[in-house]
Amino acid sequence: MKNTDIDIKAVDPSRILNLNVGVLGHVDSGKTSLVKTLSTLLSTASLDKSSQSRQRGITLDLGFSAFLMPLPPAVKSQQELAKNYDFLQVTLVDCPGHASLIRTIIGGAQIIDMVLLVVDATKGIQTQTAECLVIAEMTTKNLIIVLNKIDLFSDAERNQKLTQVESKIRAALRNSRFVNAPMVGVSACVGGEKVAAVGKDVGNAAHGPHTMNVSGLIDLLHEKIQPPKRDQISKDHFHFAIDHCFPIKGKGTVITGTCLSGSIKANDTIEFPTLSLQRKVKSMQMFRRDVFEVKQGDRAGLCVANLDSKLMERGIAASVDSVKLLTGAIAVIKKVRYFRQTLNSGSKFHISVGHTTVMATVTFFGAQELLERRLHRNNINNGSGPNETLESSQHDSPEYRSGLGENADVAGLPRLTFDFEEDFLQQDGYIEKIQDEDFAENNSEDVPLHWAIIDFQTPVYCPINSLIIGSRLDTDIQANTCRLAFSGRLIEKFNVGKDMHKIRFYTRKERAGTVDRLGEPHKRNDDGKVVRYEVFGCDLFRKETNMNDFVGLHLQTERGDIGVIQSSFGTSGKFRMHFPAGTTVRNGEKLFLRFKRYANDPDKKICQDSVLPSVRPGTKIEAEPKKDKKKKGGANVSNIPIQNLNVSQEPIQGKISNTKGEPMENGLYQVVIVEGFFTPEIDIRQKVGMKVQLKGKSVEGSIVGSFGKAGKCKVEFPGGISKEMVGSNVILGDKS
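Residues numbered from 1 in each chain as written. Predicted model: local features only at pLDDT ≥ 70, side-chain atom pairs only at ≥ 80, totals over all residues. Heavy atoms only, no water.

Describing the overall build of the protein chain
Which entries qualify depends on this criterion: Numbering of helices and strands starts at the N terminus; helices are DSSP runs of H or I of at least 4 residues and strands are runs of E of at least 2. Exposed residues in this analysis have more than 50% of their type's maximum accessible area, buried residues have under 20%, and partly exposed residues fall in between, with area computed by a 1.4 Å probe over protein chains only. We call two residues in contact when some of their heavy atoms are within 4.5 Å.
Along its length, the protein chain carries 13 helices and 37 strands. Put simply, the protein chain has 736 residues, and 51% of those count as buried. Counted over contacts in the protein chain with a minimum sequence separation of 6, partners at least 24 positions apart contribute 72%.

Let's talk about the nonpolar core
Formally: We define a nonpolar core as any set of buried Ala, Val, Leu, Ile, Met, Phe, Trp, Tyr and Cys residues linked to one another through side-chain atoms lying within 4.5 Å.
Within the largest apolar cluster, 62 residues are counted, with the highest numbers of intra-cluster contacts made by Ile 145 and Ile 351. Ranked by residues supplied to this core, first place goes to helix 6 (residues 127-139) with 6 residues. In contact with Ile 145, other than residues within four places in its own chain, are Leu 117, Val 119, Ile 169, Leu 173, Ala 181, Pro 182, Met 183 and Val 184.

Describing unusual backbone geometry
One non-glycine residue, Asp 28, lies in the positive phi region at around 70 degrees. Locating Asp 28 in the fold gives a position in the loop between strand 1 (16-25) and helix 1 (31-38). Of note in this structure, Ser 276 is not a glycine but carries a positive phi near 55 degrees. Relative to the helices and strands, Ser 276 is located in the loop between strand 11 (269-272) and strand 12 (277-286). Take Ser 276: its relative accessible area is 60%, and that puts it in the exposed class.

A few points about the packing of aromatic side chains
The condition that has to hold: Any two rings among Phe, Tyr and Trp, with Trp reduced to its six-membered ring, count as a pair given centres within 6.5 Å; such a pair is stacked if its planes are under 30 degrees apart, edge-to-face if over 60, and tilted if neither. The rule for a charge over a ring is simple: NZ of Lys or CZ of Arg within 6 Å of the ring centre, and within 35 degrees of the ring normal.
A full pass over the atoms with the stated rule returns 17 aromatic pairs. Among the aromatic side chains, those forming a connected cluster through ring pairs are Phe 365, Phe 418, Phe 420, Phe 424, Trp 451, Phe 494 and Phe 505. The ring of Phe 64 carries Arg 299 above its face, with NZ or CZ at 3.3 Å from the centroid. Taking NZ or CZ as reference, Arg 472 lies 4.3 Å from the ring centre of Phe 349, over its face.

Re the pairing of strand 26 (residues 530-538)
Regular strands place their side chains on alternate faces of the sheet. Here is the rule we go by: A pair of strands is labelled paired if DSSP reports no fewer than 2 bridges between them.
Where burial is concerned, most of strand 26 is hidden: 7 out of the 9 residues are buried. Where strand 24 (residues 504-518) lies against strand 26, 4 bridges are found, and the strand directions are antiparallel. Looking at the pairing, Arg 517 lines up with Phe 536 of strand 26. Pairing of strand 25 (residues 521-524) with strand 26, which is carried by 3 bridges, proceeds in the antiparallel orientation. Bridged to Pro 521 within strand 26 is Arg 532. Here strand 25 folds back onto strand 26, and the loop between the two strands holds 5 residues, one of which, Gly 528, carries a positive phi near 75 degrees.

Remarks on the pattern of salt bridges
The criterion, for reference: Salt bridges are defined as contacts in which a side-chain nitrogen from Lys or Arg sits within 4 Å of a carboxyl oxygen from Asp or Glu.
The full count for this structure, using the stated rule, is 27 salt bridges. Between Asp 527 and Arg 524 there is a salt bridge, with the nearest N and O atoms lying 2.9 Å from each other. It is possible to trace a salt-bridge network through shared partners that takes in Asp 423, Arg 504, Lys 596 and Asp 609.

Looking at the environment of Asp 113
With respect to the helices and strands, the residue Asp 113 is situated in the loop between helix 5 (102-109) and strand 5 (114-120). Accessibility expressed as a relative area gives 10% for Asp 113, which makes it buried. A sequence separation of 93 residues divides Asp 113 from Asn 20, and the C-alpha atoms of the two residues are 5.3 Å apart.

Concerning the sheet that holds strand 23 (residues 484-493)
This is how the line gets drawn: The axes used here are C-alpha line fits, helices contributing only the stretch in contact, and every angle between their N-to-C directions lies in the interval 0 to 180 degrees.
Here we have 6 strands rolled up into a closed barrel, ordered 17-21-19-18-22-23, and antiparallel in their pairing. Geometrically, the sheet is characterised by an average inter-axis angle of 40 degrees between neighbouring strands, direction not taken into account. Of the pairings in the sheet, the one linking strand 22 (residues 467-471) to strand 23 comprises 5 bridges and is antiparallel in character. Among the inter-strand pairings, Ser 471 is bridged to a residue of strand 23, identified as Leu 484. Across the sheet, helix 6 touches strand 22 and strand 23, and the angle it forms with strand 23 is around 25 degrees.

Some remarks on the side chain of Lys 574
For Lys 574, the location among the structural elements is in strand 29 (residues 574-583). Among all residues touching Lys 574, those that are not within four sequence positions of it are Asp 516, Gly 537, Cys 538, Ser 568, Phe 569 and Ala 710.

Here's the deal with the sheet that holds strand 5
Taken in spatial order, the 7 strands make up an open sheet running 2-3-4-1-5-6-7, and their pairing is mixed. The sheet terminates laterally at strand 2 (41-42) and strand 7 (183-185), the two strands that pair on one side only. The strands touched by helix 1 within the sheet are strand 1, strand 3 (63-70), strand 4 (87-94), strand 5 and strand 6 (143-148), with strand 4 carrying the most contacts at an inclination of about 155 degrees.

Thoughts on the packing of helix 1 against helix 9 (residues 214-224)
To keep things clear, this is the line we draw: For classification, angles of less than 35 degrees are called roughly parallel, those exceeding 145 degrees roughly antiparallel, those between 65 and 115 degrees roughly perpendicular, and all remaining angles oblique.
Two numbers describe how helix 1 lies on helix 9: the axes approach to 11 Å, and their chain directions differ by 80 degrees. By the angle between their directions, the pair helix 1 and helix 9 is classed as roughly perpendicular. When helix 1 is examined against helix 9, the residues Leu 34, Thr 37 and Leu 38 are found in contact with a partner set consisting of Val 214, Leu 217 and Ile 218.

Some details on helix 1
Most of helix 1 sits inside the fold, with 8 of its 8 residues counted as buried. Three or more residues of helix 1 are buried, namely Lys 31, Thr 32, Ser 33, Leu 34, Val 35, Lys 36, Thr 37 and Leu 38.

Overview of the confidence of the model for the protein chain
Reading fine detail from the predicted coordinates is not recommended where pLDDT is low. Where we set the bar: Known as pLDDT, the predictor's per-residue confidence is scaled from 0 to 100.
On average, residues of the protein chain score 82 in pLDDT, and 82% of them reach the 70 mark or higher. Across the protein chain, element-level confidence peaks in strand 27 (residues 554-557) with a mean pLDDT of 96 and bottoms out in helix 8 (residues 195-198) with 38. Counting interchain partners and residues more than four positions distant, the pLDDT-below-50 stretch residues 384-402 has 49 contacts.

Quick look at the pairing of strand 16 (residues 315-318)
Burial along strand 16 is two-sided: the residues Gly 315 and Ala 317 and Ile 316 and Ala 318 are all buried. Pairing geometry for strand 8 (residues 239-248) and strand 16, over 4 bridges, is antiparallel. The partner of His 239 across the bridge, within strand 16, is Ala 318.

Brief notes about the environment of Lys 502
Relative to the helices and strands, Lys 502 resides in the loop between helix 13 (496-499) and strand 24. A residue is classified by how much of its surface remains accessible, and Lys 502, at 41% relative accessible area, is partly exposed. Spatially, the C-alpha atom of Lys 502 lies 8.4 Å from that of Glu 421, the residues being 81 residues apart in sequence.

Section: the environment of Asp 561
Stated formally: By the criterion applied in these results, polar contacts are pairs of N or O atoms within 3.5 Å in which, for protein atoms, one can donate a hydrogen and the other can accept it, and in which residues neighboring in sequence qualify only through two side-chain atoms.
Positionally, Asp 561 belongs in the loop between strand 27 and strand 28 (562-569). Placed 18 residues apart in sequence, Asp 561 and Phe 579 show a C-alpha to C-alpha distance of 7.7 Å. Dropping the residues within four chain positions of it, Asp 561 is found in contact with Leu 555, Gln 556, Phe 579, Gly 582, Thr 583 and Thr 584. Within the structure, Asp 561 has its side chain in polar contact with the side chain of Thr 583 (distance 2.7 Å).

See the structure below:
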């Protein structure tokens with residue numbers, strides 16, 4: 001066992017590095033007994049000192065105590081830390097275990113560097129054990145599992161029972177980051193506070209359960225403790241999480257808590273934002289020892305004058321004007337994978353920031369945009385370009401750094417900037433899965449990040465970049481379900497009432513039309529393909545539509561070619577398109593008008609982000625006259641439009657738009673109306689007799705006359721066709 005019998009009075013407080021260790025676990029797992037066993041330094045709030053805790057026999061509030069040990073190997077390996085410190089002070093944060101006190105547990109977990117998860121070895125993982133694991137995953141990477149009450153196993157069965165318990169816990173942790181967390185079996189003794197100090201196990205079986213293997217726990221702590229992550233103190237604003245406040249007669253009012261960032265010295269002025277008060281610090285203590293300075297990570301008591309202790313129980317103290325009131329915020333959030341309910345936009349959640357928990361309405365968005373942003377970053381980092389990250393230089397300023405142990409980083413929440421010029425697809429709620437192969441390959445948890453708008457029902461004081469935890473604390477505590485919904489990082493101050501119009505929410509829209517006729521064929525110069533640069537469409541607009549509103553919009557073919565609407569064509573809602581790179585689209589194929597509509601746009605304008613391709617010129621294919629002899633009175637082949645000639649063996653297609661006349665005795669129709677073969681200026685009388693065949697079938701007919709003035713024609717099928725064939729494609733052939 002590492003020697004922890006250190007004379008605290010002989011140690012210079014400035015040579016002591018503080019590490020905050022949260023003690024979490026299910027109610028009655030023996031957390032407070034373990035803390036008593038380990039502690040040699042007690043604060044004013046420790047070991048269930050409140051009368052209510054003693055009456056009920058359970059921990060109701062956060063308790064703080066500590067012990068000293070030599071610098072662990074991992075800390076000694078850090079040259080700067082080894083130079084500045086001689087000892088490590090392990091501050092134990094004893095959190096309640098009862099389900100109804102989850103707010104207090106969450107608050108305590110946000111001021112810690114590592115966790116001791118206490119498990120009753122006779123019961124294994126229980127409901128609150130699981131919730132404590134979720135909280136630990138959000139707040140730390142370092143966890144030790146303490147299997148308590150091993151004295152309840154008989155000597156003969158103890159090793160076997162411990163092996164079984166450890167195996168079950170490992171199985172339960174297989175999907176968490178703590179699957180390989182170290183475990184140690186102990187038996188904590190109430191009243192055994194000096195075990196850590198004297199360096200040996202004590203206890204008398206005749207006077208109650210004896211202490212076992214506490215020395216093994218301390219040795220494991222010494223081996224596994226990692227250097228606490230601390231910011232550059234001189235650059236940070238002071239931010240102090242207050243957990244207790246009480247008066248001392250003749251001295252003033254003492255506030256106790258944990259320094260989350262920055263530092264403070266005696267005679268410095270601090271602000272209590274919730275009270276709109278500023279007070280000067282008279283003196284400071286750490287576990288009843290006077291100190292000259294309190295810095296990030298320290299557990300301390302600050303004495304101030306002229307402060308009514310009844311006005312402050314929990315809250316914050318900070319550098320003057322460094323913490324602003326937030327009525328709302330934009331956060332980047334990540335769902336807890338054990339939370340079974342769906343996260344719907346507009347729902348209310350309990351939002352915990354430090355020791356404060358308030359109700360808030362949450363709107364989720366930006367899943368796809370954040371995914372594309374992350375993939376873009378990964379592509380840059382994996383390529384030869386400069387190594388860019390999602391972090392912004394603004395987070396180097398003091399107001400953007402606050403949080404002990406970088407909790408939001410640990411929770412997998414990157415430091416981002418929010419761009420109000422970015423477009424965001426409107427979502428109904430949190431998207432559980434995004435179908436993207438790159439995302440699945442690069443993210444084993446497959447839980448997408450989201451933006452969220454947090455609208456606090458009660459404004460809160462907290463710095464930007466703080467870790468938040470969203471939960472449903474009104475869930476029945478007997479339901480045996482996880483109440484923690486998501487974790488988040490506050491990114492941007494946001495007033496929902498004034499700023500909502502700034503976010504560019506949009507919905508995707510799509511309309512479909514049909515290719516009605518093809519323009520003249522061209523042979524594209526760069527690849528020799530036969531393409532059309534001009535295409536005529538229909539079925540997209542009504543005849544009364546003002547086409548001027550749509551000129552300039554982009555359309556896309558089924559093949560992905562992009563063209564632009566140039567003008568209307570005729571008076572029946574048809575339109576003319578131009579494809580700069582040409583298109584191989586065919587008659588009857590679909591045309592798509594895809595666009596965005598912004599939720600906050602009062603004019604509901606059509607917006608597109610597609611880009612026209614570069615011009616790919618081609619040479620017009622001239623018509624080749626047919627070799628058939630001319631018939632008297634027949635049309636001169638040179639006058640027949642090129643689109644009606646057999647050019648490059650590309651058939652001319654049309655579509656059956658309706659039937660004509662009454663059905664025959666067999667129920668079939670002999671005459672149908674076909675559109676798409678000809679333009680209005682073509683004299684269809686000259687086309688009478690040309691063959692028409694149902695596409696893909698052997699059914700043939702012939703043109704028998706025109707129909708109307710829009711280029712439609714009447715086609716007779718001697719055997720007749722059914723009404724169901726309306727809309728089918730047909731192919732124009734030669735004359736019989």
